[in-house]
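Descriptive structure summary
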Amino acid sequence: MSATRADSVLGHRSRPRGWRVALPWVLTVGMVATQIAYPLVDGEWLRRVTIASVVLFFLASVTHAWVHRGLSWVVGLLAIGVGGGLLAEAVGVRTGVPFGDYTYSGSLGPQVLHVPVVVPLAWTMMAYPVLLAARRTTQRWVIPLGALGLAGWDVFLDPQMVADGRWTWSDPTPALPGVPDVPLTNYAGWLLVALVMMALLVWLLPRDRADESVPAVLLAWTYVGSIVGNLFWFGQPSVAIAGGIAMGLLVVPWAWTAWQSRP
């Protein structure tokens with residue numbers, strides 16, 4: 001779908017004003033605060049902070065898209081991110097395809113089709129900044145680059161959530177060196193779903209020149225924070241290295257492109 005045609009289908013966005021511009025920033029600050037608190041709490045508070053972090057990140061992404069790209073753009077993002085994420089996870093839990101045989105512990109709150117509601121929110125919250133970063137970095141390779149970035153983020157995410165007991169695999173082998181308890185099939189599944197999700201997002205949602213400040217902060221914070229957290233708080237240097245390389249396939253060229261194109 002061309003940008004011109006997509007604009008006609010999705011509608012034109014109005015210029016953001018007042019409190020609407022501030023709202024995504026407030027949610028972003030809240031998300032950062034919960035993630036800073038993450039290594040400082042445990043037990044029930046850790047569970048609450050985990051869920052709050054996802055919800056705030058999701059709301060920051062969605063409200064920013066709404067403010068700067070319009071309601072119809074957001075509807076497309078939610079249909080693909082939430083709908084696609086839920087579909088992939090529901091099939092995965094039931095059949096073991098494409099992530100491997102895994103089970104959620106029930107500690108992440110309400111579930112739909114045996115999938116915690118926060119899980120498809122997590123797919124969506126990261127798909128938004130990843131899509132914009134890939135589009136800023138390349139014209140021709142947005143889909144594979146975005147898919148690498150989204151799947152690379154999971155190299156940080158899954159070991160952390162498994163260590164906290166949020167989900168488990170029945171057979172977590174073979175795994176990445178130094179990153180036990182998460183099978184390679186999971187990362188392959190993430191890459192497959194991310195390729196489909198990015199293809200749909202690129203096809204449906206028009207490329208534009210709207211503001212990208214909040215999603216840039218969300219992406220950079222996630223990348224740097226995940227490396228630092230695994231090195232100094234979670235005791236998983238192998239995850240820091242593996243995730244830094246995997247997600248860095250998107251983040252490093254994106255950061256370089258942004259630096260080169262600065263005013």
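Starting from 1, residues in each chain are numbered consecutively following that chain's sequence as written. Local features in a predicted model are, by the rule used here, given only for residues with pLDDT of at least 70; side-chain atom pairs are given and counted only at 80 or more, and totals for whole chains, interfaces and linings are based on all residues. With hydrogens and water excluded, all non-hydrogen atoms of the structure serve as input to the side-chain values.

Looking at the confidence of the model for the protein
Low pLDDT means the predicted atomic positions in that stretch should not be read closely. Per-residue confidence from the predictor is reported as pLDDT, which spans 0 to 100. Averaged over every residue, the pLDDT of the protein is 93; residues scoring 70 or more account for 94%. Note on residues 1–13: pLDDT under 50 across the span, and 20 contacts to partners over four residues away in sequence or across chains. Two residues qualify as a contact provided that any one of their heavy atoms is within 4.5 Å of a heavy atom in the partner residue.

A closer look at the packing of aromatic side chains
Between 30 and 60 degrees the pair is tilted, below 30 it is stacked and above 60 it is edge-to-face, where a pair is any two Phe, Tyr or Trp rings, Trp via its six-membered ring, whose centres lie within 6.5 Å. Enumeration over the complete set of coordinates arrives at 11 aromatic pairs. Both rings, one in tryptophan 123 and one in tryptophan 190, keep their centres 3.9 Å apart while their planes meet at 10°; by these two values the pair is stacked. Of this pair, tryptophan 123 sits in helix α5 (residues 118–137) while tryptophan 190 sits in helix α7 (residues 184–204); the two residues are 67 residues apart in sequence, bridging distant segments of the chain. Across the pair, tryptophan 190 and tryptophan 123 agree in class, each one buried. Aromatic rings pair up to connect Phe99, Tyr102, Tyr104, Trp123, Trp153, Trp167, Trp169 and Trp190 into one cluster. To sit over a ring, a charge needs its Lys NZ or Arg CZ within 6 Å of the ring centre and within 35 degrees of the ring normal. The side chain of arginine 20 reaches across the aromatic face of tryptophan 66, ending 5.2 Å from its centre. Between arginine 48 and the ring centre of tryptophan 45, over which it is positioned, the NZ or CZ distance is 5.1 Å. Only runs of H or I of at least four residues qualify as helices and only runs of E of at least two qualify as strands under DSSP, and these elements are numbered from the N terminus. Burial here depends on accessible area, computed with a 1.4 Å probe over protein chains only, as a share of the maximum for the residue type. Under 20% is buried, over 50% is exposed, and the range in between is partly exposed.

Quick look at the nonpolar core
Buried Ala, Val, Leu, Ile, Met, Phe, Trp, Tyr and Cys residues that are joined via side-chain atoms within 4.5 Å together make up what is termed a nonpolar core. Residues Met126, Leu150, Trp153 and Leu201 are the most contacted members of the largest nonpolar core, which totals 72 residues. Tallying contributions element by element places α5 first for this core, with 14 residues. Not counting chain neighbours up to four residues away, the residues in contact with tryptophan 153 comprise Ala122, Met125, Met126, Trp190, Thr222 and Met247.

Brief notes about the pairing of strand β6 (residues 179–183)
Pairing analysis gives two bridges linking strand β5 (residues 175–176) to β6, with the strands arranged antiparallel. Along β6, the bridge assignment pairs leucine 176 with valine 179. At least two bridges found by DSSP between two strands is the condition for calling them paired. Between β5 and β6, which pair antiparallel one after the other, the connecting turn spans two residues, and glycine 178 there sits at a positive phi close to 80°.

A few points about a nonpolar patch on the surface
Taken together, the side chains of Ile36, Leu40, Val224, Val228, Leu231, Phe232 and Trp233 define a hydrophobic patch exposed on the protein surface, amounting to about 750 Å² of accessible area. In terms of residue count, the dominant contributor to the nonpolar patch is helix α8 (residues 213–232) (four residues). Looking at where leucine 40 falls in the secondary structure, it is placed in the loop between α2 (19–37) and α3 (43–69). Exposure above 30% relative accessible area and the lack of any salt bridge qualify a residue for a patch; like charges then connect within 9 Å, and the nonpolar side chains Val, Leu, Ile, Met, Phe, Trp and Tyr within 5 Å. Here the Shrake-Rupley method, with its probe set to 1.4 Å, supplies the accessible areas, and only the displayed protein chains count as covering residues. By definition here, a salt bridge exists when the distance from a side-chain nitrogen of Lys or Arg to a carboxyl oxygen of Asp or Glu is within 4 Å.

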